[in-house]
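# Structure at a glance
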Amino acid sequence: MPRLSLGLGVQAVSKVKAGAAPSGIPVASTASVVISGNATFNGTAVKKVNPQQCFGVPVFGGALFVDTGVVYAYGASENFGKILIPPQALITDDPIGGTPDKLGTPSGAWRLVDVSYDPEYSSYDILSTVNNSSTDDNYIPTSGWSPSITITAA
């Protein structure tokens, strides 16, 4: 489109619309989040990175570790715990190059899982799950969870 000049010495500036800002809580700057609205999952989850443990007590044989990415874990006891898992995070059964666990990571979408470990069968079982279709590992979704939960930065 041709530009019209009025000879006033002011240059025309084109305005470019910016894309939508990312939605959610930034993972890079968030050490912990508060989860509420669901009795099973209420609590404060703390960021875990490689090679940190995100589930269980190694002495009892049932422990999981962050291999790649970031997860948020809480509610840990001997054989139970809760983990907020981003789409591309990988969780293994060994802090140094373990085999992928039975939580199905990476999953391609955000999940919050209530996990148990059965030492008799050496198996990890997901007792409850809350899902979100977001595929952005960089932002924790604050809406769109099914069943409904509320997540806020701590």
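Here, every reference points to the structure presented above.
Predicted, not measured: the structure shown is a model, and the values here were computed from it.

About the thresholds
Residues numbered from 1 in each chain as written. Predicted model: local features only at pLDDT ≥ 70, side-chain atom pairs only at ≥ 80, totals over all residues. Heavy atoms only, no water. Helix = DSSP H or I, 4+ residues; strand = E, 2+ residues; numbered from the N terminus. Buried < 20%, exposed > 50% of the residue type's maximum accessible area, 1.4 Å probe, protein only. Contact = heavy atoms within 4.5 Å. Areas by Shrake-Rupley, 256 points an atom, 1.4 Å probe, with all protein chains shown as cover. Salt bridge = Lys/Arg side-chain N within 4 Å of Asp/Glu carboxyl O. Pairing = 2+ DSSP bridges. Core = buried A, V, L, I, M, F, W, Y, C linked by side-chain atoms within 4.5 Å. Polar contact = N/O pair within 3.5 Å; in protein donor to acceptor, adjacent residues only side chain to side chain. Phe/Tyr/Trp six-rings, centres within 6.5 Å; stacked < 30°, edge-to-face > 60°.

### A closer look at the overall build of the chain
- Each helix and strand in the chain was counted, giving zero helices and twelve strands.
- Residues classed as buried in the chain amount to 36% of the 154 residues present.
- Long-range pairs, those at least 24 residues apart, make up 50% of the contacts in the chain between residues at least 6 apart in sequence.
- Accessible surface, the chain: about 8,700 Å² in total, of which carbon and sulfur atoms supply 55%.

### Overview of the pattern of salt bridges
- Inspection of the entire model under this criterion finds one salt bridge.
- Between Asp114 and Lys82 there is a salt bridge, and its shortest N-O distance comes to 3.9 Å. Pair noted here: Asp114 is in strand S9 (residues 110-118) and Lys82 is in strand S7 (residues 80-85), with a separation of 32 residues, a long-range link.
- Relative accessible area serves as the criterion here: at 10%, Asp114 is assigned to the buried category.
- Judged by relative accessible area, Lys82 falls into the buried class, the value being 15%.

### Some details on the pairing of strand S10 (residues 123-132)
- By the bridge criterion, nine bridges tie S9 to S10 in an arrangement that is antiparallel. Each bridged residue has a counterpart across the sheet, and for Leu112 the counterpart in S10 is Val130.
- Between S9 and S10, which pair antiparallel in sequence order, lie four residues; one of them, Ser122, sits at a positive phi of approximately 50°.

### Some words on the nonpolar core
- Counting residues in each nonpolar core, the largest one holds 17 residues, and the members touching the most others are Val33, Ile35, Tyr72, Leu84, Leu112, Ile140 and Ile151.
- Mapped by element, the contributors of at least two residues to this core are strand S2 (32-36), strand S6 (70-74) and S9.
- It is S6 that contributes the most residues to this core, three residues altogether.
- If sequence neighbours within four positions are ignored, Leu112 has contacts with Ile35, Phe41, Tyr74, Ile83, Leu84, Ser128, Thr129, Val130, Trp145 and Ile149.
- With 15 residues, the next largest nonpolar core counts Cys54, Ile83, Ala89 and Leu103 among its residues.

### Some thoughts on the side chain of Asn132
- With respect to the secondary-structure elements, Asn132 resides in strand S10.
- A distance of 3.3 Å separates the side chain of Asn132 from the backbone oxygen of Gly144, its partner in a polar contact.
- Here Asn132 is in contact with Ala109, Trp110, Pro141, Ser143, Gly144 and Trp145, once residues within four sequence places are set aside.

### Some points on the environment of Tyr74
- By the element assignment, Tyr74 lies in strand S6.
- Within polar-contact distance, the side chain of Tyr74 engages the backbone oxygen of Phe41 at 2.5 Å.

### Re the packing of aromatic side chains
- Here the structure, examined in full by the defined rule, presents two aromatic pairs.
- Here the aromatic rings of Phe55 and Tyr124 are separated by 6.0 Å at their centres, their planes lie at 75°, and the arrangement is edge-to-face. Placement of the pair is Phe55 in strand S4 (residues 53-57) and Tyr124 in strand S10, with a sequence separation of 69 residues.
- Residue classification places Phe55 among the buried positions, given a relative accessible area of 1%.
- Given the relative accessible area of 11%, Tyr124 is considered buried.
- Where Tyr117 meets Tyr124, the ring centres are 4.9 Å apart and the plane angle is 45°; that geometry is what we call tilted. Residues Tyr117 and Tyr124 agree in their burial class; the two are buried.
- An aromatic cluster is built from Phe55, Tyr117 and Tyr124, whose rings are joined through pairwise contacts.

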